[in-house]
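Coordinate inspection notes
The primary structure of each chain is shown beneath.
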Amino acid sequence: QVQLVESGGGSVQAGGSLRLSCAASGYRVSSYCMGWFRQAPEKEREGVAAIYTGGTYYADSVKGRFNISQDNAKTTLYLQMNSLKPEDTAMYYCAAGERYAAGKCRWWEKPFSSQNFGYWGQGTQVTVSS
């Protein structure tokens, strides 16, 4: 199993920046695909960015503004958020999937399907004021 702990959320003004971190620990964590999701009030949870062996993926709404990355040991996932907009306000969740498990990390089918990921963090709140 893998445990995920997010941090770095907070309140910023529009146009500002914020960097989220996700500390991952557990069995063979380096072999997991990972991503960031977010959920705003009265909205569906949506994929923001993800890292797979096939490359990185970004939601159209954050392309050019957000950047997803990992440390060398792949034990920490980051989400650098720049030029933040009020529409980015949401609870942000870190997710991980077992790369070799059936139905997981299938980026070539649906990169932002929540079914790609079997483990989830507790979430960190991001609030962007206008």
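Notes on the structure in this doc start here. Residue positions within a chain follow its written sequence, with the count starting from 1. Two thresholds apply to this predicted model, a pLDDT of at least 70 for residue-level local features and 80 or more for giving and counting side-chain atom pairs, whereas whole-chain, interface and lining totals are computed over all residues. The side-chain quantities take in all heavy atoms of the structure and omit both hydrogens and water.

1. A look at the state of the cysteines
Here, the term disulfide refers to a pair of cysteine sulfur atoms separated by no more than 2.5 Å. Scanning all chains against the criterion turns up 2 disulfides. A sulfur-sulfur separation of 2.1 Å characterises the disulfide bridge that pairs C22 with C94. Because the sign of the S-S torsion sets the handedness, a value of about -80° for the bond joining C22 and C94 places this disulfide among the left-handed ones. Taken together, the positions of C22 in strand β3 (residues 18-26) and C94 in strand β9 (residues 90-98) put the pair 72 residues apart, joining distant regions of the chain. Runs of H or I in DSSP of at least four residues are treated as helices and runs of E of at least two as strands, each being numbered from the N terminus.

2. A few points about the sheet that holds strand β7 (residues 66-70)
Whenever strands of a sheet pair, they do so through backbone hydrogen bonds, lying parallel or antiparallel. The strand order β1-β3-β8-β7 describes an open sheet built from 4 strands, whose pairing is antiparallel. Of all the strands in the sheet, just β1 (2-7) and β7 have a single pairing partner and so form its edges. Strand-to-strand twist of the sheet, defined as the mean angle between neighbouring strand axes without regard to direction, takes the value 15°. We call two strands paired when DSSP finds no fewer than two bridges between them. Sheet topology note: the β3/strand β8 (residues 76-81) ladder contains 6 bridges and is antiparallel. Pairing of C22 across the sheet is with L77, part of β8. Helix axes use the C-alpha atoms of the stretch in contact, all axes being lines fitted to C-alpha atoms, and the angles between their N-to-C directions lie in the range 0 to 180 degrees.

3. Digging into the nonpolar core
We call a set of buried Ala, Val, Leu, Ile, Met, Phe, Trp, Tyr and Cys residues a nonpolar core when their side-chain atoms join them within 4.5 Å. Throughout this description, buried means an accessible area under 20% of the type-specific maximum (1.4 Å probe, protein chains only), exposed means over 50%, and partly exposed covers the range between. Grouped together as the largest cluster of nonpolar side chains are 31 residues, with contacts concentrated most on L4, W36, L79, M81 and Y92. Looking at this core, the elements with two or more residues in it are β1, β3, β4 (32-39), β5 (46-52), β7, β8, β9 and β11 (124-129). For this analysis, residues touch if any pair of their heavy atoms sits within 4.5 Å. Once residues lying within four places of it in the same chain are set aside, the contact partners of M81 are G16, S17, L18, L20, R65, F66, Y92 and V126. Y52, A95, C105 and F117 belong to the second-largest nonpolar core, a separate cluster that totals 7 residues.

Any functional reading would require information beyond the geometric quantities listed.
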